[in-house]
There are 2 protein chains.
Amino acid sequence: MKKYLDVLKNCKLFENISADDLFVMLGCLGAKVVSFDKKYTIFAEGSPARHIGIVLSGSAQIYQVDYYGNRSILSEIGPSEVFAEAFACAEITAMPVSVIANEPSEIMLIDCDHILHTCKNNCGFHQQLIFNLMKDLAVKTILFHQKIEITSKRSTREKLLAYLMFQSKKANSPSFDIPFDRQELADYLDVDRSGLSVEIGKLKKEGIIDNRKNHFELL
Amino acid sequence: MKKYLDVLKNCKLFENISADDLFVMLGCLGAKVVSFDKKYTIFAEGSPARHIGIVLSGSAQIYQVDYYGNRSILSEIGPSEVFAEAFACAEITAMPVSVIANEPSEIMLIDCDHILHTCKNNCGFHQQLIFNLMKDLAVKTILFHQKIEITSKRSTREKLLAYLMFQSKKANSPSFDIPFDRQELADYLDVDRSGLSVEIGKLKKEGIIDNRKNHFELL
DNA sequence: CTTATTTTGTTGAAAATTCAACATACTTTT
DNA sequence: AAAAGTATGTTGAATTTTCAACAAAATAAG
C-alpha cells in the first residue's frame with residue numbers, strides 16, 4: 001500500500017486524515033487493490049453497487065449504453081479520483097452505468113458498507129470520511145451540472161465550444177489536451193462522430209481553434 | 001415552525017432525528033422561513049451560494065439560461081425536498097444556476113456554514129445531519145444520471161419516451177401527471193417546443209400514449 | 001519496411017430539428 | 001359574458017444532424 005501514498009494523499013476522500021491513520025483505516029475498511037487491463041470492465045451495468053472505486057493509476061470511463069446501442073460517456077476518471085460513490089452511498093441495488101479501465105489501471109475498492117454502517121459514531125476518521133464523502137458528492141453534483149450545461153446546447157458546434165471552454169478553464173490555459181479520441185468526444189457530447197469532425201474542421205478554418213489530435217487551443 | 005412538522009419529518013435531511021431535536025436544531029442552525037410569490041427568484045445565478053433550501057410548500061425550479069437565451073430546466077423541486085445543497089456544500093462562491101418559485105411557496109433557508117463548520121464534533125444531530133446530507137447528495141447524483149440518460153437521447157421522440165417512462169416508474173403507474181407545461185417540458189428535454197407538440201401528437205395517433213394537458217398515460 | 005488495423009476526415013442523401021408565423025384552445029381578468 | 005392574455009397545436013421552409021460509405025491518415029503488428 002505504501003507505494004500508493006502519494007495518490008491517496010491527493011484523494012479528496014482522505015483529506016484531513018494523516019498518513020498513519022490512513023493506512024490503519026484502509027485496513028479497517030478492507031480496502032483492496034485490483035488491476036485491470038485496457039478496456040476491461042471494472043463495474044458492469046446491472047451488477048450490485050457495493051464498492052467505491054479509487055483510481056490509483058491509469059484511468060477509467062463511466063458510460064451508459066441505451067436500447068439502440070448508443071453509448072453515452074458520463075465522465076472520465078483520473079488518478080486520485082473516486083467513482084461509483086453515489087451508487088454505493090445511495091444504497092441502490094444495481095449499477096445504472098458501466099465503468100471500464102481506459103488503459104491498464106490499478107483500482108482501489110472499498111466496500112461502502114464499511115464506510116456507512118460500521119462503527120458509525122466512535123472513531124474520528126470515520127466521521128471525517130463521511131464528511132469528505134459528502135464534499136466529494138457535492139463537487140460531483142456540480143460537475144454534472146457542468147456536463148448538462150454542455151450537452152443541453154442544441155448544436156454540435158455549441159456543445160463542442162462549451163466543452164472546450166470548460167477544459168481550457170480547468171487547465172488554466174487556452175492550450176490543453178483532452179482525454180478523449182473523436183468517437184469518445186462524440187459520445188460525451190451526445191453527437192454524431194462525423195458531424196463532430198466536420199465541426200472541428202470548420203472551427204479550425206475559421207481561426208477560432210487550433211487542434212492536432214487530442215491537443216486543442218482556443219485562439 | 002410547528003405547522004411545518006409534517007413536511008420537515010418527510011425531509012430526508014432530517015431522517016433519524018426526533019421532532020424534539022429537530023426544532024432545537026433548527027434554532028441552532030438559524031433556519032428561517034421565507035415566502036415567495038409565483039415566478040419569484042429564490043436564488044439568482046451568480047449570487048453567493050451560502051444557503052440550503054427546503055421546500056415547505058409550493059414548488060421550485062432549477063434552471064440555467066445560456067448566452068443565447070436558451071433556458072434549460074435541471075429539475076423540479078417539491079415539498080420536503082432540498083435544493084442548492086451541492087453548491088453550498090462544495091463551498092463554491094457563486095450559484096451556477098437560478099432557482100425560482102413555481103407557485104406561491106414557503107422556503108426554509110439554512111446557512112450551510114452552520115451545518116458544515118459549527119460544533120463539528122460534539123452534538124449528535126450534527127453528525128446525523130452530515131450523514132443525511134451525504135445520502136441526499138448521493139441520491140441527487142443518481143437523479144442527474146437519470147436526467148442525462150434522458151437528454152442524451154438523440155431525438156425528441158426518444159427523449160420524451162424516456163422521460164415518460166421514468167415518470168411512470170416514479171408514479172408506480174402507467175398513468176401520471178407531469179410537473180411541466182409544454183414549454184417547460186421542452187426546456188427540460190432540451191428540445192424545441194413545437195417539435196415536442198408534434199411528437200406528442202404522433203405518439204397519441206399511434207396509440208402509444210394518451211394525454212390530456214399535464215396528464216399522460218402509457219398504453 | 002510492409003501490411004494490417006484503427007482512427008479520423010469527407011461527402012451526399014435522408015431524416016429530424018429548429019424557427020417563425022399563425023390558428024386554436026384554454027385561463028384569467030374585467 | 002366578453003375581452004385580453006397565455007398556452008398549445010400546426011405548418012412549411014431553412015438549417016442541422018444523422019447515417020452510410022468511403023478515402024486518407026495514423027498506429028500497431030508482422
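Residues numbered from 1 in each chain as written. Chains lettered and ligands numbered in written order. Predicted model: local features only at pLDDT ≥ 70, side-chain atom pairs only at ≥ 80, totals over all residues. Heavy atoms only, no water.

(A) The sheet that holds strand β5 (residues 71–77) of chain B, seen in detail. Residues and elements named next belong to chain B. Reading across the sheet, the four strands line up as β2-β7-β4-β5 and stay open at both edges, with antiparallel pairing between neighbours. For this open sheet the edge positions go to β2 (41–43) and β5, each flanked by a neighbour on one side alone. Across the sheet, the mean angle from the axis of one strand to that of its neighbour is 35 degrees, orientation sign disregarded. Alignment of strand β4 (residues 60–65) against β5, held across six bridges, turns out to be antiparallel. Considered in β5, the bridge of Ile62 is made with Ser75. (Pairing = 2+ DSSP bridges. Helix = DSSP H or I, 4+ residues; strand = E, 2+ residues; numbered from the N terminus. Axes fitted to C-alpha atoms, helices over the stretch in contact; angles between N-to-C directions.)

(B) Just the environment of A:His117, in detail. On the secondary structure map, A:His117 appears in the loop between α4 (112–116) and α5 (124–151). Looking at A:His117, its side chain comes within polar contact range of the side chain of A:Glu91, at 2.9 Å. (Polar contact = N/O pair within 3.5 Å; in protein donor to acceptor, adjacent residues only side chain to side chain.)

(C) Quick peek at the pairing of strand β7 (residues 98–101) of chain B. All names here are of chain B. The side-chain alternation of β7 yields two buried faces, one formed by Ser98 and Ile100 and the other by Val99 and Ala101. Where β2 lies against β7, two bridges are found, and the strand directions are antiparallel. When the bridges of β7 are listed, Thr41 appears paired with Ile100. Two elements, β4 and β7, share four bridges in a ladder whose sense is antiparallel. Across the sheet, the residue bridging to Ile62 is Val99, located in β7. (Buried < 20%, exposed > 50% of the residue type's maximum accessible area, 1.4 Å probe, protein only.)

(D) Layout of the domain arrangement of chain A. Residue and element names in this part refer to chain A. We note that the domain assignment places domain 1 (2–140) and domain 2 (153–218) within chain A. Distance between the C-alpha centres of domain 1 and domain 2: 29 Å. With nine residues of domain 1 in contact, the opposing surface of domain 2 contributes seven residues. For the domain 1 face of the interface with domain 2, the top three residues by lost area are Arg71, Ile73 and Glu76, together amounting to 67%. Taken together, the links from domain 1 to domain 2 amount to two salt bridges. Between Glu184 and Lys39 there is a salt bridge, with the nearest N and O atoms lying 3.9 Å from each other. In this structure, the connection of domain 1 to domain 2 is made through four residue pairs in polar contact (both at pLDDT 80 or more). A total of six residues in the side of domain 1 that touches domain 2 trace back to one element, the largest contributor, which is strand β5 (residues 71–77). (Domains from an automatic or database assignment. Contact = heavy atoms within 4.5 Å. Buried area = accessible area lost by both parts, 1.4 Å probe. Salt bridge = Lys/Arg side-chain N within 4 Å of Asp/Glu carboxyl O.)

(E) Layout of the protein's contact with DNA strand D. The local shell around DNA strand D holds 14 residues, among which A:Thr156, A:Asp192, A:Lys213, B:Arg182 and B:Ser197 are the closest. Take A:Asp192: an N or O atom from its main chain is 2.9 Å from a phosphate oxygen of DNA strand D. Interatomic distance of 2.9 Å between a side-chain N/O atom of B:Arg182 and a phosphate oxygen of DNA strand D. Secondary-structure elements contributing two or more residues to the surface near DNA strand D are α7 (182–189) and α8 (193–205) of chain B. Here the surface near DNA strand D takes four residues from α8(B), the largest share from any one element. Taken together, the residues of the surface near DNA strand D sort by class into two nonpolar, six polar and six charged. (Near = heavy atom within 4 Å. Nonpolar A, V, L, I, M, F, W, Y, C, P; charged D, E, K, R; others polar.)

(F) Geometry of the interface of chain A and chain B. The partner chain B presents 39 residues to the 38 residues of chain A that form the contact. The junction of chain A with chain B conceals about 3700 Å² of combined surface from both sides, 67% of it contributed by carbon and sulfur atoms. The tally of links from chain A across to chain B stands at four salt bridges. Between B:Glu91 and A:Lys135 there is a salt bridge, and its shortest N-O distance comes to 2.1 Å. There are eight residue pairs in polar contact (both at pLDDT 80 or more) connecting chain A and chain B. Elements with a minimum of two residues in the side of chain A that touches chain B: β5, α3 (85–89) and α5 of chain A. Of all the elements, α5(A) adds the most residues to the side of chain A that touches chain B, at 16 residues. Across the side of chain A that touches chain B, the residue classes break down as 21 nonpolar, six polar and 11 charged.

(G) Just the sheet that holds strand β7 (residues 98–101) of chain A, in detail. Residues and elements named next belong to chain A. Overall, antiparallel pairing links the four strands, which are arranged β2-β7-β4-β5 in an open sheet. Pairing within the sheet leaves two strands with one partner each, and these edge strands are β2 (41–43) and β5. Each neighbouring strand pair of the sheet contributes to a mean axis angle of 35 degrees, computed without reference to strand direction.

(H) Geometry of helix α7 (residues 182–189) of chain A. Residue and element names in this part refer to chain A. Of all eight residues making up α7, six are buried, and the element is well covered by its neighbours. Those residues of α7 that sit buried are Glu184, Leu185, Ala186, Asp187, Tyr188 and Leu189. Turning to α7, the residues buried within the fold contact β4 (60–65), β5, α5, α6 (156–171) and α8 (193–205). Looking at where α7 begins, the residue whose side-chain oxygen comes 3.1 Å from the main-chain nitrogen of Gln183 is Asp181. Asp190 sits one or two positions beyond α7 and adopts a positive phi of about 60 degrees.

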